[in-house]
Structures are given as C-alpha cells and as structure tokens.
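Observations on the model geometry
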Amino acid sequence: MVIELVKTNQDPSLNGKKTLRDTDSLKNQIKEAAKKRNAIILAHIYQRLEVQDIADHVGDSLALSRFAAKTDADVIIFCGVHFMAETAKLLNPKKTVLLPDLQSGCPMADMISKDDLNDFKQENNNAPVVCYINSSAAVKAESDVCCTSTNAVEVVKSFSADELIFVPDKGLGVWVQEQIPNKKLHIYDGFCPTHYQITPKDVFIMREKYPEAVVIAHPECDPEVWRLADFVGSTSQIYKFVDKYEKNQFIILSEQGLVARMQRDMAHKTIVTTFPLPLCPNMKYHKLENVLSSITENKNVIEIDSRYFDRAAATIHKMFEITESGINNKNLWEGPKRAT
Ligand code: SF4
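Since this is a predicted model, take the numbers as computed values, not measurements. (Residues numbered from 1 in each chain as written. Predicted model: local features only at pLDDT ≥ 70, side-chain atom pairs only at ≥ 80, totals over all residues.)

**Some details on the overall build of the protein chain**
When its secondary structure is counted, the protein chain shows 15 helices and 12 strands. Its C-alpha atoms give the protein chain a radius of gyration of 20 Å, within 12% of the compact-globule value 20 Å for 340 residues. For the protein chain, the spread of C-alpha atoms along the three principal axes comes to 60 × 55 × 35 Å. Long-range pairs, those at least 24 residues apart, make up 66% of the contacts in the protein chain with a sequence separation of at least 6. (Helix = DSSP H or I, 4+ residues; strand = E, 2+ residues; numbered from the N terminus. Rg over C-alpha atoms; globule rule 2.2 N^0.38 Å. Contact = placed C-beta atoms within 7 Å.)

So, in structure tokens, the structure goes:
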C-alpha cells in the first residue's frame, strides 16, 4: 500500500473562509483586549497553529501548569481542555480563568469519576493513588498526588509503598509499570481515544515507507504501539528529542498539533505521523473568534466545587514538591523555542 507523505502543517482552522487579513486583525484585537485586562494566554501544543501564535506561552500540561502557577496576570485564558483550565484555577484561586470554548473536554479524564475512583480503591487495598493530571478536580481531590507524562515515573518512584493505584490512563500506567517493575501498579482502564487510534499496522506501514526514520511514541498510545517505537516520551520530551537528534526523519505517534508545530519549527527535517491523522477534536474547539469573545465578554469562567478545591490543589502542589519538576526548576521545558 502506498501512502503519501503525511503533511499536517495545514492548520485545520484555516478553512478558506477566513482571509489572512481577517486573521491578522483578530490577532491584533486579541492582543489589545488581553493587554487591557492584564490577561495571559496559555495554549497547549495540540491547539490550532493560529491559536498557538497568539499565546504568551505554548507547552504541554506540565509547562502550562508552571506558567499558570507563576503568572502575575489577573486573567488566564486557557486554550487547552477543561482539566487544564481547572488546574490553572487550582493553582490560582484568586485569578479569573477562562476557557474559550466549554465543549473542550478530555474524554480520557471523563472516563473516571470520583465514585469510580473510590470503588477502584476498595478493590485494590486502598493503596495510595497517583492520578494523571488528565483528571477532574473531583478525582484529584480523592488522590494522593498527581503527575504528568513527563514526571510520572519520578512521582511513582517517590512512594515508599510497594503497591499503588494509577488512574486513569492505562497506556501511561503500563509504561510507568515497565520502568518500575519492583512496584505493583493497579492501573485503571482509561485511555486516550486519539492516541489509541494509532494501530501497530499503521506503524508498520510508515516504517516501510520511511525505513530510516526514528519512531517516537507518546506513552498515551496503546502499549502494543509504543513497544514498536525507538523512543517513548511525553510531549516536551518528543519535541526536544526531535529538535536535538542528528537524524532527519521521524515518525511521530502522537497528536497532529504537536506534529504540525514541529513541522513548522523544524522545516529542514522530515516529520510525519500515521494516517488517518491522530487528531484530538476536543483540542480544536478554540478559535481566534472565541478566544477574543472570552476575553472581551468574560465568557466561560472556570469555577471549582468548593468541596474539592483544597484537596485537589494539594495533589498538584505535592507533585511540584516531590519531583524535580518544581515550579522554579530552570531545566524544565519552556515550550517551543521558536514560538511566534
Ligand atoms: S489528546 Fe487524548 S488525553 Fe489529550 S485531551 Fe485529547 S482525548 Fe484527552
């Protein structure tokens, strides 16, 4: 089977209806509106490129949590999914956090509720709980600490207990378990529908087409898929690996937005992904129009149930305390270095 080079740097938001002048005008209006409100715009690297372009900071969950924790802005416009905006609010109780489009949820985070977690704890000896940051505030409140894909191994290792519960992502959970075989992880059955869309067959097809390429996978992929990769890493680790590695061909087993960003930032390299494109539709709801209206109309303010607030915030602060990923660690990823 012959597959054409999968180029994903076509921004799906530029659908032909909007001219470059419209886009520039919207970007200028957003900048002015953000300045007036002393607002900061944070964008996940899976966002549309035009949204990444108007952000003050672009990054993955860990980088964005750190920017959210350190900002002096009065308002945070979070261009990511709901749990990320919640994390920003938990780290900034007094600030206004806005999510430009409230439809932007994470199906993986929605796979576990607080009650599901409590049942899972009972089934598994009430072991300490590490929850992936891709979880609701209610689930974080019932957990001992949270983690990101960058620091999950470090967080789990920090526990003296031999047995832990890991929720909700089984792809990342199995990855962590393989790095730390001396501990027993009880792994919840959640998964990322976007990363699970990639199959071993897709990887074989791409390897045949690009036999020299380095295959890189996000641990949210099915373990059968990341086991086929040459390198497994979080979003920031993938970006840094591709940027630094001397080879010039890469097959990326992760979300299209990351691939599009790397294709633009590292245009001298061949960076492809599988087909059909692994695209998270939830990440693409934010557009320049709703970013602007959220700032000017103070739309979609993120609030957190007071029953969960303090305990959920504590799990995030604990992550920063027990890992080398402390908020002020200068070695941590600051987002794409050629951010525009
Ligand atoms: S890519 Fe997966 S984990 Fe990330 S927001 Fe989309 S569904 Fe959730």
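**Considering the site of the ligand**
In the vicinity of the ligand there are 14 residues, among which Cys 106, Met 108, Cys 192, Thr 194 and Cys 280 approach most closely. A breakdown of the residues in the shell around the ligand according to their chemical character gives eight nonpolar, four polar and two charged. (Near = placed C-beta within 6 Å. Nonpolar A, V, L, I, M, F, W, Y, C, P; charged D, E, K, R; others polar.)

**A closer look at the environment of Leu 258**
Relative to the helices and strands, Leu 258 resides in helix α13 (residues 256–265). Since 25 C-beta atoms lie within 10 Å of it, Leu 258 is described here as buried. Sequence separation between Leu 258 and Ala 69 is 189 residues, and the spatial gap between their C-alpha atoms is 23 Å. (Buried ≥ 20, exposed ≤ 12 C-beta atoms within 10 Å, placed from the backbone.)

**A short note on the packing of helix α1 (residues 20–36) against helix α14 (residues 288–297)**
For the pair α1 and α14, interaxial distance at closest approach is 9 Å and the crossing angle is 25°. Of the possible angle classes, the one that applies to α1 and α14 is roughly parallel. In the packing of α1 onto α14, the handedness of the crossing is left-handed. For the pair α1 and α14, contact is made by Thr 23, Leu 26, Lys 27, Gln 29, Ile 30, Ala 33 and Ala 34 and by Leu 288, Glu 289, Val 291, Leu 292, Ile 295 and Thr 296, respectively. Its residues placed into classes, the contact of α1 with α14 shows eight nonpolar, three polar and two charged. (Axes fitted to C-alpha atoms, helices over the stretch in contact; angles between N-to-C directions. Parallel < 35°, antiparallel > 145°, perpendicular 65-115°, else oblique. Left-handed = near helix turned anticlockwise from the far one by under 90°.)

**A few points about unusual backbone geometry**
In this structure, the amide linkage connecting Val 167 to the following residue, Pro 168, adopts the cis form with an omega of -15°. One can find Pro 168 in the loop between β7 (163–167) and α8 (170–179). That bond from Phe 275 to Pro 276 is cis: its omega, 0°, falls within 30 degrees of zero. Looking at where Pro 276 falls in the secondary structure, it is placed in the loop between β12 (270–273) and α14. Despite not being glycine, Asn 38 has its phi angle at roughly 50°, a positive value. By secondary structure assignment, the location of Asn 38 is in the loop between α1 and β1 (39–44).

**What to know about the nonpolar core**
The biggest cluster of nonpolar side chains holds 104 residues, and the ones touching the most others in it are Ile 41, Leu 42, Ile 77, Phe 78, Val 167 and Leu 253. No other element matches the six residues that helix α4 (residues 82–91) contributes to this core. The contacts of Phe 78, once residues within four sequence positions are left out, are Leu 42, Met 84, Ala 85, Ala 88, Val 97, Leu 98 and Leu 99. (Core = buried A, V, L, I, M, F, W, Y, C linked by C-beta atoms within 7 Å.)

**A few points about the sheet that holds β1**
Pairing is parallel in the open sheet, where four strands are placed in the order β2-β1-β3-β4. Edge strands, defined here as strands with exactly one partner in the open sheet, are β2 (57–59) and β4 (96–98). Here the strands of the sheet are splayed against their neighbours by 20° on average, with no regard to which way each runs. The sheet contact formed by β1 and β2 spans three bridges and is parallel. Residue Leu 42 lies in a different strand from β2, and its bridge partner there is His 57. The strands that α14 touches are β1, β3 (75–79) and β4; relative to β3, the one it contacts most, it runs at about 160°. (Pairing = 2+ DSSP bridges.)

**Regarding the sheet that holds strand β8 (residues 184–187)**
Taken together, the four strands give an open sheet; going across it, the order is β6-β5-β7-β8, and neighbouring strands pair in parallel fashion. Two strands bound the open sheet, and with one partner strand each, they are β6 (145–147) and β8. Strand-to-strand twist in this sheet, taken as the mean axis angle between neighbours without regard to direction, amounts to 30°. Packing against the sheet, helix α15 (residues 306–322) makes contact with β5 (129–132) and β6, and its axis sits at approximately 70° to β6.

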